[in-house]
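Structural overview for review
The lines below spell out each chain.
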Amino acid sequence: MSQWADLIDSWAAEMTTETALSERTIRAYLADAEAFVKWAEAQGIEGPEQVTTADVREWRDSGAAGKAPASINRRLVSVALLLDHAGRTGRTNPARRVPRLADVAPSDEGRALTLNEWRAVRRAAEAAGQLETALVCLLRYAGPRVGEIAPETAHDPCPLLLGDITIGPRSGELLIRRGKGGKRRRIPLVLEARDALSAYLEGDRRQRLDAWVIRGRLPAARREWWDGPSAPVFLGERGPLTVRGVRHIVERLGRDARLPYVLGPHDLRATFISALVDPSKYGLRKEPMPLHVAARLAGHSSVDTTARYAAPSLDDLARWMDD
């Protein structure tokens, strides 16, 4: 059996047993990967370690005729995942360095995760630490924009401070002071968000501050201020976690969860809104929230914007018809 055949077989087994992908998705990825392998072998490429960025680009272009951009981009994702499995991750993965087709514009509304995808991301976050868990749970269960919880740079004012979060035994609240258009809004914090935030604030965050004092990065006389209401909630290695830092963490968790696309903070916000208007999609036994109420929680000035997040996918339509 060839090196490529062994790789395909082990990847198929991993997707089947260790990911939340559907059988249809797995079949599509395997078909794409097998098409790439067939092309690679014809070019004399004997294994994944020999693949270059130029090879992937040439393969992409050779099969582009007559295909929709979304299909071509999915083929690139398939090859990227295959090479990830072969150990060529991050910048060493040539398929991740080939740009997607430019005429496929990303949705401003993000992509709502399925229940299985969210569970996989949650597991990845819990394995990573309390900071990661608190971050994704806040994004998923409260739906703030990334710019509402993190500054653009470490020198900018932090939009989310300790005084903006209230956590009690039976309720909690998130205050967004600098929402889009300068609007303020208050969002109730459900138990999942409260528990994750409490664990982070009482554990990892305090330990990080203590480490800063020990290393001389934070004067001991200033330590108390960082526990006060005007201090940033999320801390990175050297200071407040920035927008770029949040995006990096979320993207990494998406990779750890083996999602077939690049995960961003706005995808978790889209999941929050989707769960409000279609709770049964996430196994919740409650009535769908009216659009105007969901719009208020999301900070939308128009229900039309909220409706775009709530637009059903083909899988949603199939689920409703089956019910």
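This text follows the structure it describes.
Residues numbered from 1 in each chain as written. Predicted model: local features only at pLDDT ≥ 70, side-chain atom pairs only at ≥ 80, totals over all residues. Heavy atoms only, no water.

This part is about the overall build of the chain. Along its length, the chain carries 13 helices and three strands. Taking 2.2 N^0.38 as the reference for a compact globule, 323 residues should give roughly 20 Å; the C-alpha atoms of the chain span a radius of gyration of 22 Å, in line with that estimate. If one aligns the C-alpha atoms of the chain with their principal axes, the spans along those axes are about 65 × 55 × 35 Å. Classification of the 323 residues of the chain by burial places 48% in the buried group. Considering only intrachain contacts with a sequence separation of at least 6, the fraction spanning at least 24 residues in the chain is 61%. Counting 48 positive and 43 negative side-chain charges, the chain places the averaged centre of each group 6 Å from the other. (Helix = DSSP H or I, 4+ residues; strand = E, 2+ residues; numbered from the N terminus. Rg over C-alpha atoms; globule rule 2.2 N^0.38 Å. Buried < 20%, exposed > 50% of the residue type's maximum accessible area, 1.4 Å probe, protein only. Contact = heavy atoms within 4.5 Å. Lys, Arg positive; Asp, Glu negative; His and termini not counted. Charge placed at Lys NZ, Arg CZ, Asp CG, Glu CD.)

Moving on, we come to the sheet that holds strand S2 (residues 172-176). Ordered in space as S1-S2-S3, the three strands form an open sheet in which the pairing is antiparallel. Edge positions in the sheet fall to strand S1 (165-167) and strand S3 (185-188), since each of these pairs with one other strand and no more. Averaged over neighbouring strand pairs, the angle between their axes works out to 15 degrees when direction is ignored. (Pairing = 2+ DSSP bridges. Axes fitted to C-alpha atoms, helices over the stretch in contact; angles between N-to-C directions.)

A positive phi angle is found at Arg258, which is not glycine, with a value near 60 degrees. When you line up the elements, Arg258 lands in the loop between helix H9 (243-256) and helix H10 (265-277). Looking at Arg258, the relative accessible area reads 37%, which means it is partly exposed.

As a further point, take the nonpolar core. If you look at the biggest cluster of nonpolar residues, it comprises 58 residues, and the most contacted ones within it are Leu138, Leu174 and Phe234. When contributions to this core are tallied by element, the ones reaching two or more residues are helix H5 (115-128), helix H6 (130-142), S2, helix H7 (191-202), helix H8 (204-214), H9, H10 and helix H11 (291-298). Ranked by residue count, the leading element in this core is H6, at nine residues. Residues contacting Leu138, with those up to four places away along its chain left out, are Gly143, Pro144, Ile149, Leu160, Leu174, Leu189, Leu197 and Phe234. Counting 28 residues, the second largest nonpolar core, distinct from the first, contains Leu7, Ala12, Leu30 and Ile45. (Core = buried A, V, L, I, M, F, W, Y, C linked by side-chain atoms within 4.5 Å.)

On to the pairing of S3, then. Side chains of S3 alternate between two faces, with Arg185 and Ile187 buried and Arg186 and Pro188 left unburied. With four bridges connecting them, S2 and S3 associate as antiparallel partners. Opposite Leu174, over in S3, you have Ile187 as the bridge partner.

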